[in-house]
Structure formats: structure tokens, C-alpha cells
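# Reading the structure
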Amino acid sequence: MLIEHKSIAIVGGGPAGLTLARLLQLKGANVKVYERDFNKNARVQGSPLDMHEDSGLAAIRKAELLEEFKKTFRPGADRTLIMNEKAEIFFNDHEIKPEEDFGDEHFRPEIDRGPLRNMLLESLLPETVVWDSHFLTMEPQNEGWLLHFKNGTSEYADLVIAGDGANSKIRPYLTDIKPVYSGIIMLEGNVSKEAAPQIDAMIKGGKIMAFGNTKNILLGQKGNGDLGFYASFKADENWPADSGLDFSDNAQMLQWFKTEYSGWSPIWNELFENAVTPFIPRLIYAMPSDQSWEAQSNLTLIGDAAHVMPPFAGEGANMAMLDALELSEYLTSNYSTLQEAISEYEHHMRKRAAIATQESLANGERMHSEKSLATMLDFFNGHLTSS
């Protein structure tokens, strides 16, 4: 086996990195995950993820974690309301959604990020994750790399796998290709269900997608009842700085919403009046579809570090976990060299990620067009018919 007697460093403890660590450990590999968080409870995890049959769920099955996943996912969290800006309901699958189960092509079970992370963490051998390991730099040493961390420690690895996200500090060691701004900003907020009673009464544990005037509000209810939401709109890349907004000031953010989302129902106001601050502006980027680089024998990329893409097709985390699955297979297959195995992985990874990225970009354009409501209704009604 190519990785026998090799030390493997995965930088980044997100879904991709932890899934890869689990898969490699099942094959007897010597692997460590270096994560910048101080411990597993250091960060509030983001919005729920929907797992797809041929990617995220395929990785979970291969990791021998499907039964644990079934105990952890949130049945019914994939049920959706589609509304216009007036909060009028045009699509509601709470009552008419076909019963789907594991193995069905269209079944996309939802799981909160925290429980998913905990499930993966608990599947790893003790001391696999090295917390408080904020990567700074690395340098070639022997056949591998010497990694340096902010806490003053340095560690050697024969193979480094970058799972450190869209702003990866390791990616530049492999390629200087940078992501391109999509033209869309998603302003992220979080509010308790008690502070948004009208919306809580509508969402019923699922999702809401509201479209109007080329803008969106996208909501998902978390396992603890909190409402994670995004105001999604087209804007210049410098908008966060140029807007002059104090993202920690609810009153100012509410006034911004009333102005920029003029004509939207007052129902939505409770999101901005009562959100936990600060709001976080997320600029949506995508890697060029034709990106390429020369494969190395001791370094590769997974997840957003390899192919950050917009969230409008729900493919980001799924592609990342599929990266983990496929890379684990390539590294333990009968290739002559690690470079050959990594080259094959990267070729196939880039090819499928480019397809998912184009789908995500196209969906983003549809969702922020003048005809967004009609377009999304056609999509969801067609999906129900095909189911």
C-alpha cells in the first residue's frame, strides 16, 4: 500500500478532513488532523447540511457510519416552503412530499453541522485530532513537509492534505489559481425561534425560500429550534466595506433591510430586529472550471480548498466528502507511485467539481433573476412529479 509507513497530515477538521481521517484509519493509515479550533466546542456550527445519495451518503456508508447517521439526522428538515416577498406561500411540500428513505435517489436527509462533526470525531482513534493547531507555513523536508503552527509547534508529515477551506493557506503551495467572485453576497444571521414567532410558526422545522425583486431570503431551522437565515442579493465585491453598515447594530440592519428589500412583508422584520449579532456578510466565490496544476507526490487538496463553489445546488459539503472517499481509495489502490495516485484523484476531482460549480453558478443566477419565483416553482414542482 502506497501510504504504508507514511505519516499523513490533514489540515482542517471540517466534514471532508474528518471523513478522510476516518476512511484512512479504517485502512490502517497513520493520520493526524490539525485543526485550528481550540477544542470541538470552540465554534458555533453553521446551517444544516443535506446529504446526497451518491456523494455525502456514499462517504458515510464507506466510513461505516450510516447507522450512527440515522440516529443523528433530522427527519422532516428537508421539507420546504417557497414564498414571494409578501410571505405568500406558492409551494408547500409538508403534506404532499413523497415518503423517501435511504437509498432513494432524491432523498436528501438533513443533519446539523455540530452533530455531523461529533459523529465523525467519535469515530476516530483517540488523539487523532490535534486541536489548537492553526497552520502558518510549511517547508519541504526529506520527502515530505515540515508544518509550522501558530502555537509554536512544528510537525513532519510525508503527505499533507489541505482541507482548510476556501481561504486555504496550503493551496498556494500547489497552485496560484484563485477563486472568482460570483457577484452574490449572502448576509448571514441567526435568531431564536422565540424571537421570530411568525416565521417559526410557518417553517415547522424545515426550510423557507422567499424570492422577490431579484433578492432572496433563505431560512433553515436547526435542531435546537434556532433559525439560521441568509439575505441573498447581488452586490459589488466591496459592498461590506462600502455599505458603511455596523453589522452588530440590529436597528441599523433592520433599516437597511427595509430599504434594500422594499416591498417585502413586515413579517421578515423580526429576523433583523432580533438576530444575534453580528451579521456576517458571506461573499460567494467559485474556482474557475478549467483550473489545473501539476500533481505532487506529497501534497493534495480536498473540499473548499480544492473547489470552493456557491451553495445554490447544495453540493459543497457533498463534493468535499466525496473527495475524501475517492482520495482514500486512490491512496490505497495499486498505483506505482503516490504522485500517480494523487494525479488521478485530482483529475477526476476537478472534472466533477467543475460540473457541480457550473450548476451552482447557474442556480445562483436563476435565484437572483426577475423570474426567480417562477423558475424555482417549476424546479420544485418538476422534482415532485419525477419523484
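Description of the structure in this document. None of the values given here were measured: they were computed from a predicted structure.

Calculation criteria
- Residues numbered from 1 in each chain as written.
- Predicted model: local features only at pLDDT ≥ 70, side-chain atom pairs only at ≥ 80, totals over all residues.
- Heavy atoms only, no water.
- Helix = DSSP H or I, 4+ residues; strand = E, 2+ residues; numbered from the N terminus.
- Rg over C-alpha atoms; globule rule 2.2 N^0.38 Å.
- Contact = heavy atoms within 4.5 Å.
- Areas by Shrake-Rupley, 256 points an atom, 1.4 Å probe, with all protein chains shown as cover.
- Lys, Arg positive; Asp, Glu negative; His and termini not counted.
- Charge placed at Lys NZ, Arg CZ, Asp CG, Glu CD.
- Axes fitted to C-alpha atoms, helices over the stretch in contact; angles between N-to-C directions.
- Parallel < 35°, antiparallel > 145°, perpendicular 65-115°, else oblique.
- Left-handed = near helix turned anticlockwise from the far one by under 90°.
- Nonpolar A, V, L, I, M, F, W, Y, C, P; charged D, E, K, R; others polar.
- Pairing = 2+ DSSP bridges.

Attention now moves to the overall build of the protein chain. Of regular secondary structure, the protein chain possesses 12 helices and 17 strands. The C-alpha radius of gyration computed for the protein chain amounts to 21 Å, which stays within 12% of the reference 21 Å derived for 387 residues, consistent with globular compactness. Across the protein chain, contacts joining residues at least 24 apart in sequence account for 72% of those joining residues at least 6 apart. As displayed, the protein chain offers around 17,200 Å² of accessible surface, 48% of which is attributable to carbon and sulfur atoms. Of the side chains in the protein chain, 35 bear a positive and 56 a negative charge, and the two mean positions are spaced by 1 Å.

The next point concerns the packing of helix 1 (residues 15–26) against helix 4 (residues 113–123). Relative orientation of the contacting elements helix 1 and helix 4 amounts to 25 degrees, with a least axis distance of 9 Å. In this view, helix 1 runs roughly parallel relative to helix 4, as classed from their interaxial angle. Along this stretch, helix 1 crosses helix 4, giving a crossing that reads as left-handed. Each of Pro15, Leu18, Thr19 and Arg22 in helix 1 lies in contact with helix 4, whose residues at this interface are Leu116, Arg117, Leu120, Leu121 and Ser123. Here the residues of the contact of helix 1 with helix 4 are counted per class, giving five nonpolar, two polar and two charged.

Time to look at the packing of helix 10 (residues 316–331) against helix 11 (residues 338–367). For the pair helix 10 and helix 11, interaxial distance at closest approach is 9 Å and the crossing angle is 155 degrees. Comparing their axes, helix 11 and helix 10 come out roughly antiparallel. Every pair of crossing elements has a handedness; the one defined by helix 10 and helix 11 is right-handed. Contacts from Met319, Leu322, Asp323, Glu326, Leu327, Tyr330 and Leu331 of helix 10 reach helix 11 at Leu338, Ala341, Ile342, Glu344, Tyr345, His348, Met349, Arg352 and Ala356. Along the lines of polarity and charge, the residues of the contact of helix 10 with helix 11 split into 11 nonpolar, one polar and four charged.

Below, the discussion takes up the sheet that holds strand 16 (residues 276–286). Within a sheet, each strand pairs with its neighbour through backbone hydrogen bonds, oriented either parallel or antiparallel. Read from one edge to the other, the open sheet built from seven strands follows the order 5-4-13-14-15-12-16, with strand pairing classed as mixed. In this open sheet, the two edge strands, each paired with only one partner strand, are strand 5 (89–92) and strand 16. Taking the axes of each pair of neighbouring strands and ignoring which way they run, one obtains an average angle of 20 degrees across the sheet. The pairing of strand 12 (residues 180–191) with strand 16 spans seven bridges and is classified as antiparallel. Considered in strand 16, the bridge of Asn190 is made with Val276.

None of the figures reported here should be taken as evidence of function without further support.
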